[in-house]
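Inside the fold
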Amino acid sequence: MQMLFGLAMLLGIGPALILMYLVVRNYTYPRVEQPFFSDPSFFGLFMVGLVVGSVLFFAMSLLKLADNLVYMVLFALVEMMAILLVMNLKRFRGKSDSVFYGYGLGLGISSGLSTGFCFTMTSVIETIDASIITLFVISISFSLIFGACATNVGEGIARNVPFQYLLQGAIPMIIFNMLLTVVLNAGEIGGEIMYYLCQVLMVVLSAYYFYVNMYKKLPAVVRDVLKMEGVKR
């Protein structure tokens, strides 16, 4: 049991930590003399996200939401609202570092959710086969999509227009949850072909949205919010 939980933690949190390093290293010490955010606050929100993600996973499992496509679409909205509720504190509003804190929160939530999924699935895996690949796909895709969508919310908080950016992030999250539902119910929805096709689409969707948000848009977003604050960097 301890070995399974350790494997689930590795699969669940590992991709999020790698993505964290790849993105935030360009905005904090030693890459820049004046970091764009507080490291303790960033990791604090990551830990909050772990708790939120775990609660969301237990709610999903308890209510068996993953068995129903409509429920999973609605659950995507719940996930986005959970991000907004945490980020919509007065201390984050109108602040440029909220963009990064949204990213940290999203990675934490993805870690909590994917660890739960990985632990549940590894407990019933008897041999290392295609199921392990599915675990990697779920974990990596969760980290990519939640990191990107939570950054959307963080940008909305920073710009003081949270609901506009909440909707922007909710659209890919809804599509992602629909694909996830097919993967988790492959025997009942679409069969083996849809099972593998939806895994590919999960990775493509989440990777593309992550790339656009975190590499194409983020530098301009940070400059815009700093300008809005009247800060020159």
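Scroll up to find the structure.
Residues numbered from 1 in each chain as written. Predicted model: local features only at pLDDT ≥ 70, side-chain atom pairs only at ≥ 80, totals over all residues. Heavy atoms only, no water.

What about the overall build of the protein?
- Across its full length, the protein holds seven helices and zero strands.
- Relative to the globule expectation of 17 Å for 233 residues, the C-alpha radius of gyration of the protein, 18 Å, shows essentially globular dimensions.
- Taken along the three principal axes of its C-alpha coordinates, the protein extends 55 × 35 × 30 Å.
- Counting all 233 residues of the protein, 51% fall into the buried class.
- Taking as baseline every contact in the protein between residues at least 6 positions apart, the subset at least 24 positions apart corresponds to 79%.
- When the accessible surface of the protein is split by element, carbon and sulfur atoms take 69% of a total near 11,500 Å².
- If the 14 positive side-chain charges of the protein are averaged to one point and the 12 negative ones to another, these points end up 17 Å apart. (Helix = DSSP H or I, 4+ residues; strand = E, 2+ residues; numbered from the N terminus. Rg over C-alpha atoms; globule rule 2.2 N^0.38 Å. Buried < 20%, exposed > 50% of the residue type's maximum accessible area, 1.4 Å probe, protein only. Contact = heavy atoms within 4.5 Å. Areas by Shrake-Rupley, 256 points an atom, 1.4 Å probe, with all protein chains shown as cover. Lys, Arg positive; Asp, Glu negative; His and termini not counted. Charge placed at Lys NZ, Arg CZ, Asp CG, Glu CD.)

Details of a nonpolar patch on the surface
- Residues Val 70, Tyr 71, Leu 74 and Leu 77 make up a contiguous nonpolar surface patch of roughly 380 Å² in combined accessible area.
- By the secondary structure assignment, Tyr 71 is in helix α3 (residues 69–87). (Patch = residues over 30% accessible without salt bridge, like charges linked within 9 Å, V, L, I, M, F, W, Y side chains within 5 Å. Salt bridge = Lys/Arg side-chain N within 4 Å of Asp/Glu carboxyl O.)

Digging into the packing of helix α4 (residues 98–122) against helix α7 (residues 191–229)
- Here α4 crosses α7 at 160 degrees, and the two axes come no closer than 11 Å. The orientation of α4 relative to α7 falls into the category roughly antiparallel. Contact residues: Val 99, Phe 100 and Tyr 103 in α4; Phe 210, Met 214, Leu 218, Val 221 and Val 222 in α7.
- Considered class by class, the residues forming the contact of α4 with α7 number eight nonpolar, no polar and no charged. (Axes fitted to C-alpha atoms, helices over the stretch in contact; angles between N-to-C directions. Parallel < 35°, antiparallel > 145°, perpendicular 65-115°, else oblique. Nonpolar A, V, L, I, M, F, W, Y, C, P; charged D, E, K, R; others polar.)

Side note on the side chain of Asn 177
- Here Asn 177 is to be found in helix α6 (residues 162–184).
- Within the local environment of Asn 177, its side chain forms a polar contact with the backbone oxygen of Met 72, the two atoms lying 3.0 Å apart.
- In this structure the side chain of Asn 177 is engaged in a polar contact, spanning 3.4 Å, whose partner is the side chain of Glu 79.
- The contact partners of Asn 177, leaving out residues within four places of it in the chain, are Met 72, Phe 75, Ala 76 and Glu 79. (Polar contact = N/O pair within 3.5 Å; in protein donor to acceptor, adjacent residues only side chain to side chain.)

Observations regarding unusual backbone geometry
- The peptide bond linking Tyr 29 to Pro 30 adopts the cis configuration, its omega dihedral lying at 10 degrees.
- If you trace the backbone, Pro 30 turns up in the loop between α1 (2–24) and α2 (39–63).
- Of note in this structure, Lys 64 is not a glycine but carries a positive phi near 55 degrees.
- Looking at the element boundaries, Lys 64 is found in the loop between α2 and α3.
- Its identity is not glycine, yet Asn 160 carries a phi of approximately 65 degrees, on the positive side.
- As for its placement among the helices and strands, Asn 160 is situated in the loop between α5 (130–159) and α6.

With respect to the nonpolar core
- Grouped together as the largest cluster of nonpolar side chains are 77 residues, with contacts concentrated most on Ile 83 and Tyr 103.
- Among the elements of the structure, α1, α2, α3, α4, α5, α6 and α7 are those that each provide at least two residues to this core.
- The greatest single-element share of this core, amounting to 13 residues, is contributed by α5.
- If we skip the residues at most four places from it in the chain, Tyr 103 touches Leu 19, Met 20, Val 23, Val 24, Phe 42, Gly 147, Ala 150, Thr 151, Phe 210 and Met 214. (Core = buried A, V, L, I, M, F, W, Y, C linked by side-chain atoms within 4.5 Å.)

Quick look at the layout of surface pockets
- Reported here for the largest pocket is a volume of approximately 280 Å³.
- Around the largest pocket, the lining is made up of 16 residues, and of these Ala 66, Phe 117, Thr 120, Met 121 and Leu 184 lie nearest the centre.
- Looking at the lining of the largest pocket, the elements that each hand over two or more residues are α2, α4 and α6.
- In the lining of the largest pocket, the residues fall into 10 nonpolar, four polar and two charged. (1 Å grid on protein atoms, 1.4 Å probe; cavity = no way out; pocket = protein on both sides within 12 Å on 5 of 7 lines; lining within 4 Å. Points joined across faces, edges and corners; volume = space filled by probe spheres on them.)

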